Amino acid sequence: METDEQAVTGDYPDDARLPLLTVAEARDAVGYMQLLETLDLTPRGQAAGQLAADLARRLPAD
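These lines cover the structure that appears in this document, whether it is placed above or below. (Residues numbered from 1 in each chain as written. Predicted model: local features only at pLDDT ≥ 70, side-chain atom pairs only at ≥ 80, totals over all residues. Heavy atoms only, no water.)

Overview of helix α1 (residues 23–39)
In this model α1 runs 24 Å from its N-terminal to its C-terminal C-alpha over 17 residues, within 8% of the 24 Å that 1.5 Å per residue would give. Listed in full, the buried residues belonging to α1 are Ala 26, Val 30 and Met 33. Viewed along the axis of α1, the buried residues span an arc of 65°, placing them on a single side of the element. Exposed residues on α1 whose side chains face more than 90 degrees from its buried face are Tyr 32, Thr 38 and Leu 39. Looking at the buried residues of α1, the elements they touch are α2 (43–58). (Helix = DSSP H or I, 4+ residues; strand = E, 2+ residues; numbered from the N terminus. Expected span 1.5 Å × (residues − 1). Buried < 20%, exposed > 50% of the residue type's maximum accessible area, 1.4 Å probe, protein only. Arc of directions from axis to C-beta. Contact = heavy atoms within 4.5 Å.)

Structure follows, in structure tokens:
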């Protein structure tokens, strides 16, 4: 078992980090997944549409 003296510590940068995706990029990705749903009539296309709907609900509305 690790004690306080053995605990791993580190420094984290103070610089602001960019989000993984911007809102505009996320909206573009949702649009591409919706397009994929219309072009791919297999279960993969349906899954892309469901993922697009799930992600779209998480995006802020402007």
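Don't stop here, the text continues.
Re the pattern of salt bridges
Inspection of every chain in the model, using the stated rule, returns 2 salt bridges. A salt bridge links Asp 40 to Arg 44; the nearest nitrogen and oxygen atoms lie 3.9 Å apart. With a relative accessible area of 16%, Asp 40 lands in the buried category. The closest approach of N and O atoms between Asp 54 and Arg 57, which form a salt bridge, is 2.4 Å. Remark: Arg 57 and Asp 54 occur in helix α2; sequence separation between them is 3 residues, near one turn of the helix. The partly exposed category is assigned to Asp 54, whose relative accessible area is 29%. With relative accessibility at 60%, the residue Arg 57 sits in the exposed group. (Salt bridge = Lys/Arg side-chain N within 4 Å of Asp/Glu carboxyl O.)

Thoughts on the packing of α1 against α2
Between α1 and α2, the least distance of the axes is 7 Å, while the angle of their chain directions is 150°. As judged from the angle between their axes, α1 and α2 are roughly antiparallel. Along this stretch, α1 crosses α2, giving a crossing that reads as left-handed. Residue-level contacts link Val 30, Met 33, Gln 34, Leu 36 and Glu 37 of α1 to Gly 45, Gln 46, Ala 48, Gly 49, Leu 51, Ala 52, Leu 55 and Ala 56 of α2. Residues belonging to the contact of α1 with α2 are distributed by class as follows: 8 nonpolar, 4 polar and 1 charged. (Axes fitted to C-alpha atoms, helices over the stretch in contact; angles between N-to-C directions. Parallel < 35°, antiparallel > 145°, perpendicular 65-115°, else oblique. Left-handed = near helix turned anticlockwise from the far one by under 90°. Nonpolar A, V, L, I, M, F, W, Y, C, P; charged D, E, K, R; others polar.)

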